[in-house]
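Below are the chains, spelled out letter by letter.
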Amino acid sequence: MIPANRVLAQPVRWQQLWRDAVTDPLELLSLLDLSGHAADLLPGADSGFPLRVPRGFVARMRRGDPADPLLLQVLPQAAELGEVPGFSHDTVGDIAARAAKGVLHKYHGRALLIATGSCAVHCRYCFRRHFPYAEETAAVNRWEQALAHLRSDTSIGEVILSGGDPLSLATSKLAELTDALATIPHILRLRIHTRLPIVLPERVDAEFTAWLGALPFQRVVVLHANHPNEIDGSVIAACAALRDAGATLLNQAVLLRGVNDSADALCALSERLFDGGVLPYYLHQLDRVAGAAHFEIDDERALALLRALRERLPGYLVPRLVREIVGAPYKLPL
Ligand SMILES: *Cc1c(COP(=O)(O)O)cnc(C)c1O
Ligand code: SF4
């Protein structure tokens, strides 16, 4: 059951908020009293991966601070230009792992469905910023190949909805997909990888939680927040609604220079997540994607941060520090 007050607390539909996102870098700077910093912007239109950030997320940024940790995640900056050796366009072997149109099957027992290429926010460090979504998305009404793969391999007990952000899809479209998955007897768990409850918590509306709560699978929702300032009261409320719908909540973060590369930020992130009933799962070393080199932290420093977390937090609030290596059978701990 969804408590009536949660339904009434959502007068604006999420689709409207999605459309109202900030897409003009100069507008974003102006909203933050940072118009004087326009010279640091990525010159020209980055047509492949332009700025996109919901206004509710902008409201959590500090005004007048060009180093705000939320701003740095979304602002297209001149630092992205230039080739850096070792940084490429398919860093994690996604193209090789394609098992069927829209399915990445790298690891035993679980397969990842690229439900859509769309996201409510564009994160500059994202390893999928160069992924050929147009060809690879198991687009709505074109699930046949993906479903055929999931049906034919009885070792797959868990389906991961990913993307892009699967919550970009209308709940009715998600329901079409899960109705089909429910006809495959060996699928026991549904996992959803999403940043939407963080950047646009209004997405977790009554229709969505009703769908989630009624699914015939164990449900896991893996959120993606990198900094404690991302998690305000509206995010905590969305987490509560997800838990009420029977989902286990985890978080994955990416270690990012200038954003969360301090023990204070990472400790506060873990504790803030737990305020929402969310356990930290992975802390990813950056995938070496072209345009993101300025976010990289070296392994020695990453391990020092992990040690600091272990000294300061209960074990269950320490994320697993991992890196994805092409061809490895799991995400490798550092
Ligand atoms: C990261 C990933 C998973 C999930 O791995 P877990 O260790 O189970 O969280 C599954 N499939 C693919 C293709 C992935 O990249
Ligand atoms: S897939 Fe996730 S990390 Fe990448 S741009 Fe979308 S929301 Fe950001």
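Just so you know, these numbers come straight off a predicted model, no measurement behind them.

## Thoughts on the pattern of salt bridges
The full count for this structure, using the stated rule, is 16 salt bridges. The shortest N-O distance in the salt bridge between R62 and D68 comes to 3.9 Å. Note on R62: relative accessible area 40%, which makes it partly exposed. Note on D68: relative accessible area 0%, which makes it buried.

## Points about the domain arrangement of the protein chain
Taken as a whole, the protein chain is organised into domain 1 (14–81) and domain 2 (98–333). Here the C-alpha centroids of domain 1 and domain 2 sit 23 Å apart. Each partner contributes residues to the interface: domain 1 has 24 residues there, and domain 2 has 36 residues. Between domain 1 and domain 2, a total of about 2,500 Å² is buried, with carbon and sulfur atoms accounting for 62% of that surface. Of all residues in domain 1, W14, F49 and Q73 bury the most surface against domain 2, accounting for 32% of the area lost on that side.

## A look at the site of ligand 2
The full set of residues close to ligand 2 is F49, C119, V121, C123, C126, G164, R195 and H224. Grouping the constituent residues of the shell around ligand 2 by class yields 5 nonpolar, 2 polar and 1 charged.

Rules of the game
Residues numbered from 1 in each chain as written. Chains lettered and ligands numbered in written order. Predicted model: local features only at pLDDT ≥ 70, side-chain atom pairs only at ≥ 80, totals over all residues. Heavy atoms only, no water. Salt bridge = Lys/Arg side-chain N within 4 Å of Asp/Glu carboxyl O. Buried < 20%, exposed > 50% of the residue type's maximum accessible area, 1.4 Å probe, protein only. Domains from an automatic or database assignment. Contact = heavy atoms within 4.5 Å. Buried area = accessible area lost by both parts, 1.4 Å probe. Near = heavy atom within 4 Å. Nonpolar A, V, L, I, M, F, W, Y, C, P; charged D, E, K, R; others polar.

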